[in-house]
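Residue strings, one per chain:
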Amino acid sequence: MAFKRPDGRKLDEIRPMTAKTGIIPNADGSAMFTFGKTVAIAAVYGPRMLHPQHMQDPKSAILRVNYDLLSFSVADRKKPGPSRRSQEISKVTEWALSPALDLKDFPNTVIDVQVYILQADASTRVAGINAASMALAQAGIPMRDLVCAVAIGKMDKELVVDVDKDEEDFEDGEGATDIPLARFANSDEFTLLQLDGKIQPEVMNKAIALADKAMAKIYEVQKKALKEVHSE
Amino acid sequence: MKEFETKNNEEYEDMGSEPVSRTVVVPGEVVATGEDFLPGEGARREGSDVVASRYGLAEKIGRVVKIIPFSGAFIPRRNNVVIGRVSDIVHSGWIIDIDYAQNGFLPLMESPRFVNKNEMDQFLAIGDVVSAKIWSVSPKGIDLAMKGKGLGKLEGGFVFRVNPSRVPRIIGREGSMINLIKEKTGCNITIGQNGWVWVKGNDIDSELKVRKAIEFIAEKVLVSGLTEKMEKWFGENK
């Protein structure tokens, strides 16, 4: 095993995670989730009235996610405002979360989820999904399950769990592959699978198996954060 | 003198006084295993397990497992007393903002005395605060009623918000908590199920004390025997 990750982690080691709920008093639910230096916060508002009316669904509420990588979150200032990238991530986050929600009790309404990345060190979309799923639970929205998310990377031929910025920019050999995955905590239904780079089909199965193990750890962190608020 | 009607709230129990098993659960967590248990509010059956659908306290009462949510937006039900603010006047009544995705509608007929259609703001103007009862909830909207004891326009005082899921605790079993606060401060208090609280007292100090007391209760989610604790709190915060 000559392969070493740039920050010295083991191949299946996740960066230190922290999670906290109820961080935004004015939101109906809120949470923070961090993977090492990546910090994501999420705020949930609603169910509330949806305008324009033609977007309303008379059978259930709709979920509206807005992901924003804040301008100070990266070393070079990012131009603030919506971008192609943030629109894409907003949409995939929405798709990753909506199967977990049961919104038929709130017809014609919207649930707004704001995801902000305060510090970015790769894996921001999965940190955002983890935070948003906790925030939705804290907002008292009926849910099937919590959603856990993690990014699996491939550096040359080695699979690594929880990609950071150095690993994302890895260029030797086969180069870097980034696979963000999201899954229900208590069943093996995946709600997000993206792939940026190249991977062999048989290696993909290994990557998913690695993700399953990582999800269990993430779920414990999320569960603990939600439970300890009320333990005093 | 506006008295809060406690009889509407008997379905909510003071969480501190019954010795049943309670645990904090997150959505998707298995609360009970086996066909012996039945899923109640906030829970569902999956295979042979009863699984939580919401974040809150799981409570087993006999065979039924239900989840008391910690937080979340107000969901209107018939006969809930709510406090709202007049947001618009239309030809047949008033539109009331009740802090929900839909506005409430208070028909003209609900006013206790005759109101001239051209001078509806003489009775309720935009911005006025009212306490009303939810008459019906339908996909078309929420209808309010204002005929009843303790309902009507709330004049003077001020309104603040608490989390709607804390309202049963603030009222207490058969109004024990709210009556304690009223007795200690001498203020008139009306609490809506939507989490709006209206307070009016003789002086601003006692009004602010009510607000402090209620916010103190809203913070304490899992504490039992809260009414006794509040008596002590009033002792310390003279």
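Residues numbered from 1 in each chain as written. Chains lettered and ligands numbered in written order. Predicted model: local features only at pLDDT ≥ 70, side-chain atom pairs only at ≥ 80, totals over all residues. Heavy atoms only, no water.

*Asks:* Residue-level account of the overall build of chain A, with values.
*Replies:* From N to C terminus, chain A includes four helices and nine strands. In terms of overall size, chain A behaves like a compact globule, its C-alpha atoms giving a radius of gyration of 18 Å where 232 residues would be expected to give roughly 17 Å. Principal-axis analysis of the C-alpha atoms places the extent of chain A at approximately 55 × 40 × 35 Å. Looking at the 232 residues of chain A, the share that counts as buried comes to 54%. When contacts within chain A are restricted to residue pairs at least 6 apart in sequence, long-range pairs at least 24 apart make up 68% of them. Computed over 30 positive and 34 negative side-chain charges, the inter-centroid distance for chain A is 2 Å. (Helix = DSSP H or I, 4+ residues; strand = E, 2+ residues; numbered from the N terminus. Rg over C-alpha atoms; globule rule 2.2 N^0.38 Å. Buried < 20%, exposed > 50% of the residue type's maximum accessible area, 1.4 Å probe, protein only. Contact = heavy atoms within 4.5 Å. Lys, Arg positive; Asp, Glu negative; His and termini not counted. Charge placed at Lys NZ, Arg CZ, Asp CG, Glu CD.)

*Asks:* Report on the environment of F74 of chain B, specifying residues and quantitative values.
*Replies:* All names here are of chain B. Mapping F74 onto the fold places it in the loop between strand 7 (64–69) and strand 8 (81–90). Accessibility expressed as a relative area gives 6% for F74, which makes it buried. The sequence separation of F74 and N194 amounts to 120 residues, and the corresponding C-alpha distance is 5.3 Å.

*Asks:* Please give an account of the side chain of E94 of chain A that cites residues and values.
*Replies:* Residue and element names in this part refer to chain A. Turning to its location among the elements, E94 is positioned in helix 1 (residues 84–97). Among the polar contacts made by the side chain of E94, one reaches the main-chain amide nitrogen of V65 at a distance of 3.4 Å. Once you skip the residues sitting within four places of it in the chain, E94 turns out to touch L63, R64 and V65. (Polar contact = N/O pair within 3.5 Å; in protein donor to acceptor, adjacent residues only side chain to side chain.)

*Asks:* Residue-level account of the pairing of strand 4 (residues 62–69) of chain A, with values.
*Replies:* Residues and elements named next belong to chain A. Two elements, strand 4 and strand 5 (residues 109–119), share eight bridges in a ladder whose sense is parallel. Residue pairing in the sheet places I62 in a bridge with V110 of strand 5. Handedness of the β-α-β unit built from strand 4, helix 1 and strand 5 comes out left-handed. (Pairing = 2+ DSSP bridges. Right-handed = clockwise from strand over helix to strand, strands pointing away.)

*Asks:* How would you sum up the sheet that holds strand 4 (residues 43–46) of chain B? Please name residues and give values.
*Replies:* Residue and element names in this part refer to chain B. Strand order in the open sheet formed by three strands is 2-5-4, and the pairing between neighbours is antiparallel. At either end of the open sheet lies a strand with only one pairing partner, and these are strand 2 (30–33) and strand 4. Neighbour-to-neighbour, the strand axes of this sheet turn through a mean angle of 30 degrees, independent of strand direction. As paired elements, strand 2 and strand 5 (residues 49–52) share three bridges and run antiparallel to each other. Within the sheet, the bridge partner assigned to T33 lies in strand 5 and is D49. (Axes fitted to C-alpha atoms, helices over the stretch in contact; angles between N-to-C directions.)

*Asks:* Go over the packing of aromatic side chains, please, and point to the residues and values.
*Replies:* Residue and element names in this part refer to chain B. All told, the structure shown has six aromatic pairs over all chains when counted by the stated rule. Look at Y55 and F70: their rings are 5.2 Å apart centre to centre, the planes differ by 75 degrees, and that puts the pair in the edge-to-face class. One end of the pair, Y55, is in the loop between strand 5 and strand 6 (56–61); the other, F70, is in the loop between strand 7 and strand 8, and 15 residues separate them in sequence. Relative accessible area serves as the criterion here: at 1%, Y55 is assigned to the buried category. Aromatic pair F158 and F160: ring centres 6.1 Å apart, planes at 40 degrees, arrangement tilted. (Phe/Tyr/Trp six-rings, centres within 6.5 Å; stacked < 30°, edge-to-face > 60°.)

*Asks:* Quick one: what's the story with the confidence of the model for chain B, residue by residue and with numbers?
*Replies:* Residue and element names in this part refer to chain B. Residue-level pLDDT values for chain B average 85, and 90% of them are 70 or greater. The spread of mean pLDDT over the elements of chain B runs between helix 4 (residues 226–236), the lowest at 82, and strand 8, the highest at 95. This stretch, residues 1–19, has a pLDDT under 50; its non-local contacts, to residues over four places away or in other chains, come to 43 contacts. Quick note on the complex model: pTM equals 0.86, ipTM equals 0.87. (pLDDT = per-residue confidence, 0-100.)

*Asks:* Tell me what's going on with helix 2 (residues 124–138) of chain A, and back it up with residues and numbers.
*Replies:* Residues and elements named next belong to chain A. Given a rise of 1.5 Å per residue, 15 residues ought to cover 21 Å, and the 21 Å separating the end C-alpha atoms of helix 2 matches this to within 8%. Here helix 2 lies mainly inside the structure; 15 of its 15 residues are buried. Positive phi shows up at G140, right after helix 2, with a value of about 75 degrees. (Expected span 1.5 Å × (residues − 1).)

*Asks:* Got a sec to walk through the environment of D68 of chain A? Specific residues and values, please.
*Replies:* Residue and element names in this part refer to chain A. Locating D68 in the fold gives a position in strand 4. C-alpha separation for the pair D68 and P82, spaced 14 residues apart in sequence, amounts to 7.2 Å. Excluding residues within four positions of it along the chain, D68 makes contact with K78, G81, V115, Y116 and I117.

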